[in-house]
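# Structural overview for review
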Amino acid sequence: MTDLAQDSLAAAQAPLTQAKSMPAGFYTSEDIFTAERQNILLKHWSFAGREDQLPTPGDYKAIDTAGGPVVLLRGDDGQVRAFANFCRHRGSILLEGSGNCRRIVCPYHAWSYFTDGKLYGCPDMEDAEGFDRVENGLIPVRMETWEGFIFITFNQNAPGLAHHLGDLPGRMASHRLGEMRCTWTLTIECACNWKLLLENAMETYHTGTVHKDSVGAQTSRTLKTEGQWLCLQVISGRSIATLPGTTPAFPAIEGLDEDARQGTYFTVIHPTCQFAVAQDSMWWLNVLPKAADRSVLEVGGCFPQQVTERADFADNAAAYYQRWEQVAREDVEILERQQIALGSVLYRPGPLSTRDDLVQQLSLWVLNQLPNH
Ligand code: FES
Ligand SMILES: [Fe+2]
C-alpha cells in the first residue's frame, strides 16, 4: 500500500514482544480508507440492529451504512427485512429515524410501497413503456439474524453469517441473547479512525488511566476464537455493567456456564462491531466508518426480557446506561486526541506492550484484507 511504508509494516507484523504500532497512514490516509471500504466494509457482515427494536408490523429503522442508506422494516407478515432506503423513481430517501408506517410513501412524487417492499402506487406512470411494477419494488439488502441481532452485507458471495461468527454462538449460548430486549441506544460522532475505536475495545491496558473515574483498572484474559471475531474476558465475579461503587441491581442470568460466570466478554466481530456480554446484560458498540478521521459510534444496551418487565426496571437500568455512556465518552475523548497525534509529521509507530496483543491482531486482520499489503 502506497501510504504504508514497508519497513513500518514489517515492524507491525513482528512477534508481539518486538512489534510496533501500525504506521500513521493506516489511520489517516483517505486512500487506505477507500481500500478498506471496498475490501472490508462492503465485503463482510455489518451489525445493523436488533429485531426487537421493530416489535410491530410496519415498524422501521433507517440506518446509515458503508453501502448507503438502508431501512430495516417489519412487514405486515411479521418478517423483518432490509432494503435500500430510496425510491425506485428518482432516488429520494424514503424513511428517516424510526417509526411505524402502513405504506411507505415517497416524499418526492408520492410513489408508495408495501411494508414487504413491493411497489404499491405510482401515479401517472400509465404511459411509461415496459414499466413493470414487480421490478420496481424496494431493492433488498442481504440480511441474516442470529439471536435477534440483525446483520447485513452488500456482498452476495459472502459466506453465511453462521460461518462469519464461527464459535461465537457457542461461547455466548448460556447468555440466551435471543431472549434479550434492547432498551437504550446512544449515538456519538467521533473525530477518529474507526480502527482506533475497535483496538481500544480490545485491551484493558488503558482502563486504569482513561477510566480512573469510572470502571478503573481491569484484568483480562485473551480467549481463543474461531471465525471472524476476537474475544477477551474482563475478569470479575460481578457484572461490570454498572460502576464499581454501585451494586448491579439485576440478577445474573440463570444457567450461565462456568466460563461466562468469570466475567464479561469483550468481542470484536470483524470488521466494525463490538459486543460486550456481562453476567446480567449485554451492550454493543457499533462503528460506522465515515472517513479516515471520522466515525459514528452507536452504543446499544440489552437486558433479558423478564428483567425489562420488572416494576423497578427503569429506575435501576439508569445506572447501566450511565456507565455505558460515561465509559464510551471517556474512550472517544482519548481516541480523538490520538487521531490528532497520528496526523503529526513527526509521528513514529511506538512499541507495543504484551497487553496490546489483540490490538496487533486486529490491525493485522485489517491489513491482510487489503490488496498488495
Ligand atoms: S423520487 Fe420517489 S416518487 Fe419520485
Ligand atoms: Fe476504554
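Residues numbered from 1 in each chain as written. Chains lettered and ligands numbered in written order. Predicted model: local features only at pLDDT ≥ 70, side-chain atom pairs only at ≥ 80, totals over all residues. Heavy atoms only, no water.

We now examine the sheet that holds strand 2 (residues 59–65). Strands sit in the order 4-3-2-5 across an open sheet of four strands; the sheet is antiparallel. Edge positions in the sheet fall to strand 4 (80–84) and strand 5 (98–100), since each has one partner strand and no second. Pairs of neighbouring strands in the sheet enclose a mean axial angle of 25°, with direction left out of account. For strand 3 (residues 68–74) and strand 4, the ladder comprises five bridges, and the chain directions are antiparallel. Following the sheet pairing, L73 is matched in strand 4 by R81. (Pairing = 2+ DSSP bridges. Helix = DSSP H or I, 4+ residues; strand = E, 2+ residues; numbered from the N terminus. Axes fitted to C-alpha atoms, helices over the stretch in contact; angles between N-to-C directions.)

Protein coordination at the iron ion (ligand 2): the donors are H206 (NE2), H211 (NE2), D331 (OD) and D331 (OD), at 2.1 to 2.5 Å from the metal. Every donor counted, the four donor atoms about the iron ion (ligand 2) form angles of 57 to 146° at the centre, which fits irregular coordination. (Donors = N, O, S within 2.8 Å, 3.2 Å for Na, K, Ca; no water. Tetrahedral: all angles 85-135°; square planar, octahedral: opposite > 155°, others 65-115°.)

What follows is about the side chain of R323. Relative to the assigned elements, R323 resides in helix 10 (residues 313–342). Apart from the residues within four sequence positions on either side, R323 is in contact with V215, I240, A241, T242, L243 and W283. (Contact = heavy atoms within 4.5 Å.)

Contact geometry of helix 6 (residues 194–201) with helix 11 (residues 357–369) gives a least axis separation of 8 Å together with a crossing angle of 145°. Of the two possible hands of crossing, helix 6 and helix 11 adopt the one that is right-handed. The residues of helix 11 that touch helix 6, namely those facing W194, K195, L198 and E199, are V359, L362, S363 and V366. Tallied by class, the residues present in the contact of helix 6 with helix 11 amount to five nonpolar, one polar and two charged. (Left-handed = near helix turned anticlockwise from the far one by under 90°. Nonpolar A, V, L, I, M, F, W, Y, C, P; charged D, E, K, R; others polar.)

Between helix 3 (residues 30–41) and helix 11, the shortest axis-to-axis distance is 9 Å and the interhelical angle comes to 90°. Taken together, helix 3 and helix 11 sit at an angle that is classed as roughly perpendicular. In this structure, helix 3 contributes E36, N39 and I40 to the contact, and helix 11 contributes W365, V366 and Q369. Classifying every residue of the contact of helix 3 with helix 11 by side-chain character gives three nonpolar, two polar and one charged. (Parallel < 35°, antiparallel > 145°, perpendicular 65-115°, else oblique.)

With that settled, the discussion passes to the nonpolar core. One finds W283, L297 and F303 to be the most contacted residues of the largest nonpolar core, which totals 58 residues. Top element by residues in this core is helix 10. It accounts for nine residues. (Core = buried A, V, L, I, M, F, W, Y, C linked by side-chain atoms within 4.5 Å. Buried < 20%, exposed > 50% of the residue type's maximum accessible area, 1.4 Å probe, protein only.)

Here we take up the pairing of strand 2. Most of strand 2 sits inside the fold, with five of its seven residues counted as buried. Pairing analysis gives three bridges linking strand 2 to strand 5, with the strands arranged antiparallel. Looking at the pairing, K61 lines up with S98 of strand 5. One ladder, built from six bridges, connects strand 2 with strand 3; its direction is antiparallel. If you follow I63 over to strand 3, its bridge partner there is V70. From the end of strand 2 to the start of strand 3, which pair antiparallel, there are two residues.

Right, let's get into the domain arrangement of the protein chain. In terms of domains, the protein chain is made up of domain 1 (6–44 + 163–369) and domain 2 (46–157). Across the contact, 25 residues belong to domain 1 and 18 residues belong to domain 2. Both sides of the domain 1 and domain 2 interface together cover about 1,800 Å² of buried area, and 62% of this is carbon and sulfur. If you look at where domain 1 meets domain 2, you find two salt bridges. Where D64 meets K290, a salt bridge forms, and the shortest distance between an N and an O atom there is 2.7 Å. (Domains from an automatic or database assignment. Buried area = accessible area lost by both parts, 1.4 Å probe. Salt bridge = Lys/Arg side-chain N within 4 Å of Asp/Glu carboxyl O.)

Taken together, the three strands give an open sheet; going across it, the order is 1-10-9, and neighbouring strands pair in antiparallel fashion. Each edge of the sheet is formed by a strand with only one pairing partner; in this case those strands are strand 1 (46–50) and strand 9 (142–146). The average undirected angle you get between the axes of adjacent strands in this sheet is 30°. When strand 1 meets strand 10 (residues 149–153), the two strands line up antiparallel, connected through four bridges. The residue bridging G49 from the neighbouring strand is I150, located in strand 10.

Bringing the side chain of E330 into the picture now. Inspection of the secondary structure assignment puts E330 in helix 10. If near-sequence neighbours (up to four positions away) are discounted, E330 is found in contact with V210, H211, D213 and S214.

If you walk through the whole model with that rule in mind, you get 14 salt bridges. Note that D52 is salt-bridged to R50, the shortest N-O span being 2.8 Å. Its salt-bridge partner being R221, residue D259 comes within 3.7 Å of it at the nearest N-O pair. Of this pair, D259 sits in helix 8 (residues 258–261) while R221 sits in strand 12 (residues 220–223), and the two are 38 residues apart along the sequence. By relative accessible area, which is 33% here, R221 ends up partly exposed. Linked through salt bridges whose partners overlap, the residues forming this network are R171, R221 and D259.

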